[in-house]
Amino acid sequence: MSYLVLARKWRPQSFSDVVGQQSVVRTLQNALQRNRVAHAMLFSGVRGVGKTTLARIMAKAMNCEHDGAEVPCNNCRSCQEITAGTAIDLHEIDGASNRGIQEIRELKENIRFFPTSGRYKIIIIDEVHMLTTEAFNALLKTLEEPPAHVFFMFATTELHKIPITILSRCQRYELKRVAFAELVAFFGKIAKQEGVSISERSLEMIAREAEGSVRDGLSLLDQIFSFGGAEVGDDDVVQVLGLVDHQVFAKLARALLAGDLAGCLDIFDKGYGAGMDLKRFANDLLGYFRSLLLCKAAKQPEQLLDVSDHELAEFKEIAAAASQETLYQYFNLLLKGVEEMQYSSRPRMVLEMAFIRATQAGRVVPVADLLTRLDQLLAGADFSLPAAPAAVMAPPVTAEPAPSFAPQGGGARPHPSAPQVAPQKKTEVILEQPVAPRSTTAGHSVGSPGQKVGAAGKQVRQDWDEFIGYVKSRKAWMAHVLRLSGVGRDEGSELVMKFDDPSDCSVMQEHDNLKLINEFAQDFFQRDFKVVFRVRGVKDDGEQGDDGDNPREERRALANDPLVQMTNEIFSGQVGNVRTGPRSR
Ligand SMILES: [Zn+2]
């Protein structure tokens, strides 16, 4: 007795048998009932979703001798011939192997004649995108004026390869991947009818593996049935599909998120000992973290994930233990691992290193929290402590008189934030102390070695550090940002500060910040200053547009900022989402 593979045995013979393409089926049936069937139809979709199957059912319905609402009847001579594959008036052509102009010419010759026994001549061209350009052109003329007795049905997995001239002459039907739940139900039905006992969980594994393709799922089912016989166990399915049990990933994810490296390696080692395929394993683990992340991020994760209800509940429970940032970071680390594995001769080590990185990275602290902590640190730092990095950042002016135009040291201007990264050694010099605003306008040039003849009140250049200290005692983060601008310039009625980075500039230009810094400057210098921020390199004389900042540039600049990169180093972090705009805190 010859064994008929499930995909053929269970090939739908009528519209109601088709799995998961309800809307296309309804449209086709309506067209039949209203006698409005197009002369050229195009079925597109991934493999194994029923494109040629639907075309055949449609052909059968059109040539069915039975004249009722329920076509095809599958009983009449025409229907039976089509089912058996012996119908003379149905031409099935494989576009992949008959792709030239000669084949199309022959076809055109053939369709000039009336159908032999059926009502219509029906041409099905599978994989139609494989036709050559010349073949398409030859076909086009026929499609423009098709003989009344001829109908074309095309099927393709690659819609984008079909010339637009052809597309525009076809009625198009896009077949979807079959939904997970529908596949599970369908495979369950087949198992039952084939007399095989199989668990729901196994059916889910198969459906997930099929990725929306009925045919793929059926051929897996074939393998599993012949492997397990009448009683298919979950282990059989795991083995045949080369899967790692879902539970292994659940355990591993829990261990990773708990930072339990030993546990991770143990679980991994057991799986490895059982002979799993490493790359497959890594990819599935990555998929598992994607699911966790989507459970956290998406409003309706069940629409995005091919999972059953109990699996969804498990994902949600595991995901609840971690922040979205943490899950994202783990996903990224694993993704990196998976990519590295492709090229490595030691994939196992690569994966183990990914586990180590992931567990060491620990929990990701949201940037907002870090900023809050930084603010607290900056606010609380004793500014007069010589060893404090904050003091280091201020330019040393006492040891030698700095050239007036380059207070941060001669020659080339360093990157504004460079001093923070490489603290200078001359830290014993105490430059300033937080100073309350003084209304007195005289006698404050003592601390500065520069000769200030006839200076009245505070001077922008000489007293800049003191000004920064003044700002710092009131708004720590602002002082930090201002330091990036170097020394401000006194331009009469304006106090100009320039930044290399537009993002620093835009932070300061926010309404509240601008108002504050103006108050600080006016109080400190006792002048009716207007504070102006500019981006270095932008023309000084031109009016600087407030909306000139390119957000993408800005984000990139932020991500590449040395301070951010240093933070990345320290926390083994990476830049995820760069948000700009008004502070939310
Ligand atoms: Zn029939």
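Residues numbered from 1 in each chain as written. Predicted model: local features only at pLDDT ≥ 70, side-chain atom pairs only at ≥ 80, totals over all residues. Heavy atoms only, no water.

Asks: Hey, could you run me through the overall build of the protein in this one?
Replies: A tally of regular secondary structure across the protein gives 26 helices and eight strands. Out of the 585 residues in the protein, the part that is buried amounts to 43%. For the protein, contacts bridging at least 24 residues in sequence account for 73% of all contacts bridging at least 6. Here the protein has roughly 31100 Å² of accessible surface; of this, 51% comes from carbon and sulfur atoms. (Helix = DSSP H or I, 4+ residues; strand = E, 2+ residues; numbered from the N terminus. Buried < 20%, exposed > 50% of the residue type's maximum accessible area, 1.4 Å probe, protein only. Contact = heavy atoms within 4.5 Å. Areas by Shrake-Rupley, 256 points an atom, 1.4 Å probe, with all protein chains shown as cover.)

Asks: Looking at this model, I keep getting lost on the layout of surface pockets. Mind explaining?
Replies: The gaps of empty space that remain are located by a probe, the size of a water molecule, rolled over the atoms. The volume enclosed by the second largest pocket comes to roughly 770 Å³. Along its surface, the second largest pocket is lined by 27 residues, and R208, E209, E211, R290 and D306 are the ones closest to its centre. Elements with a minimum of two residues in the lining of the second largest pocket: α9 (200-210), α12 (246-257), α14 (278-297) and α15 (309-320). For the lining of the second largest pocket, the element with the most residues is α14, which contributes seven residues. Here the residues of the lining of the second largest pocket sort into twelve nonpolar, five polar and ten charged. Looking at the lining of the second largest pocket, you find at least three residues from each of domain 2 (180-241) and domain 3 (246-361). (1 Å grid on protein atoms, 1.4 Å probe; cavity = no way out; pocket = protein on both sides within 12 Å on 5 of 7 lines; lining within 4 Å. Points joined across faces, edges and corners; volume = space filled by probe spheres on them. Nonpolar A, V, L, I, M, F, W, Y, C, P; charged D, E, K, R; others polar. Domains from an automatic or database assignment.)

Asks: Just to check I follow, could you spell out the environment of F43 for this structure?
Replies: As for its position among the elements, F43 is in strand β1 (residues 40-44). Between the C-alpha atoms of F43 and M153, which are 110 residues apart in sequence, the distance is 7.5 Å. Discounting residues that sit within four places of it in the chain, F43 has contacts with L28, K51, L54, A55, M153, F154, A155, T156, Y173 and L175.

Asks: I tried to follow the pattern of salt bridges on my own but got confused; where do I start?
Replies: Once their charged atoms are close, side chains differing in charge can pair, the charge on each being opposite to the other. Tallied over the entire structure, the rule returns 21 salt bridges. Across the pair R280 and D284 runs a salt bridge whose closest N-O atoms are separated by 3.1 Å. Residue R280 and its partner D284 are both found in helix α14; the two are separated by four residues, about one turn of the helix. Notably, a salt bridge pairs R534 with E494, separated by 4.0 Å at the nearest N-O pair. On the criterion of sequence distance, the pair formed by R534 in strand β8 (residues 530-535) and E494 in strand β7 (residues 494-499) is long-range, its members being 40 residues apart. (Salt bridge = Lys/Arg side-chain N within 4 Å of Asp/Glu carboxyl O.)

Asks: Can you help me understand a nonpolar patch on the surface in this one?
Replies: A cluster of nonpolar side chains, namely L371, L374 and L377, defines an oily patch on the protein surface of about 270 Å² accessible area. Tracing the backbone through its elements, the reader meets L377 in helix α18 (residues 367-380). (Patch = residues over 30% accessible without salt bridge, like charges linked within 9 Å, V, L, I, M, F, W, Y side chains within 5 Å.)

Asks: For this particular structure, what's the right way to read the packing of aromatic side chains?
Replies: Remark: the centre distance and the inter-plane angle together describe each pair of aromatic rings, the angle taken between the planes. Scanning the entire structure with this criterion turns up 18 aromatic pairs. With a centroid separation of 5.3 Å and 20° between ring planes, the pair formed by F43 and Y173 is classed as stacked. Placement of F43 in strand β1 and of Y173 in strand β5 (residues 171-174) is noted, with a sequence separation of 130 residues between them. By relative accessible area, which is 6% here, Y173 ends up buried. Here the aromatic rings of W464 and F467 are separated by 5.2 Å at their centres, their planes lie at 50°, and the arrangement is tilted. Of this pair, W464 and F467 both sit in helix α21 (residues 464-474), separated by three residues, roughly a single helical turn. When sorted by exposure, W464 lands in the same class as F467, which is buried. (Phe/Tyr/Trp six-rings, centres within 6.5 Å; stacked < 30°, edge-to-face > 60°.)

Asks: Could you clarify how one ought to interpret the coordination of the zinc ion in this entry?
Replies: The textbook angles at a metal center are 109.5 degrees for a tetrahedron of four donors and 90 or 180 degrees for an octahedron of six. For the zinc ion, every protein donor is listed as C64 (SG), C73 (SG), C76 (SG) and C79 (SG), and the spread of their distances is 2.2 to 2.3 Å. For the zinc ion, the four donor atoms in the first shell make angles of 100 to 120° at the metal, so the coordination geometry reads as tetrahedral. Here the donor residues of the zinc ion share one chain and are spaced in sequence as C-x8-C-x2-C-x2-C. Of the two residues, C76 and C79, neither departs from the other in class, the shared state being buried. (Donors = N, O, S within 2.8 Å, 3.2 Å for Na, K, Ca; no water. Tetrahedral: all angles 85-135°; square planar, octahedral: opposite > 155°, others 65-115°.)

Asks: For this particular structure, what's the right way to read the sheet that holds strand β6 (residues 489-491)?
Replies: In a beta sheet, neighbouring strands pair by backbone hydrogen bonds and run either parallel or antiparallel. Across the sheet, three strands lie side by side as β6-β7-β8; this open sheet has mixed pairing. Looking at strand neighbours, the two that pair on one side only are β6 and β8, the edges of this open sheet. This sheet shows a mean twist of 30° between the axes of neighbouring strands, independent of strand direction. Along the sheet, helix α24 (residues 511-525) contacts β7 and β8; its crossing angle with β8, the most-contacted strand, is approximately 125°. (Pairing = 2+ DSSP bridges. Axes fitted to C-alpha atoms, helices over the stretch in contact; angles between N-to-C directions.)

Asks: Explain the pairing of β1 to me, please; I cannot follow it from the model alone.
Replies: Put simply, side chains in a regular strand alternate between the two faces of the sheet. Here β1 lies mainly inside the structure; five of its five residues are buried. With burial as the criterion, each face of β1 is covered, one bearing A40, L42 and S44 and the other bearing M41 and F43. Bridging between β1 and strand β4 (residues 150-156) involves five bridges; their strand directions are parallel. Following the sheet pairing, F43 is matched in β4 by A155. Here four bridges tie β1 to β5, and the two strands are oriented parallel to one another. Its bridge partner being in β5, L42 is matched across the sheet by R172.

Asks: What is the right way to look at the pairing of strand β3 (residues 121-126) in this model?
Replies: Most of β3 is tucked away: five of the six residues are buried. Direction of pairing for strand β2 (residues 90-94) relative to β3: parallel, over a ladder of five bridges. Directly across from L90, in β3, lies its bridge partner I122. Considered for its hand, the β-α-β crossover made up of β2, helix α5 (residues 101-111) and β3 is right-handed. As defined by bridge partners, β3 adjoins β4 across five bridges and the pair is classed as parallel. Bridging from a neighbouring strand, I122 pairs with F151 of β4. (Right-handed = clockwise from strand over helix to strand, strands pointing away.)

Asks: Got a minute to help me understand the packing of α21 against helix α22 (residues 476-483) in this structure?
Replies: Helix-helix packing: each pair is described by the crossing angle between the helix axes and the interaxial distance. With their axes 5 Å apart at the nearest point, α21 and α22 run at an angle of 150° to one another. By the angle class used here, α21 and α22 are roughly antiparallel. Counting all contacts with α21, which are made through F467, I468, V471, K472 and R474, the residues of α22 involved are A476, M478, A479, L482 and R483. Broken down by class, the residue content of the contact of α21 with α22 amounts to seven nonpolar, no polar and three charged. (Parallel < 35°, antiparallel > 145°, perpendicular 65-115°, else oblique.)

Asks: Help me understand the sheet that holds β4, please; the structure alone is not making it clear to me.
Replies: The five strands lie next to each other as β2-β3-β4-β1-β5, forming an open sheet whose pairing is parallel. A single partner strand is all that each edge strand has here, and the edge strands are β2 and β5. Taken over all neighbouring pairs, the strand axes of this sheet differ in orientation by 15° on average, direction set aside. The strands that helix α3 (residues 51-63) touches are β1, β2, β3 and β4; relative to β4, the one it contacts most, it runs at about 165°.

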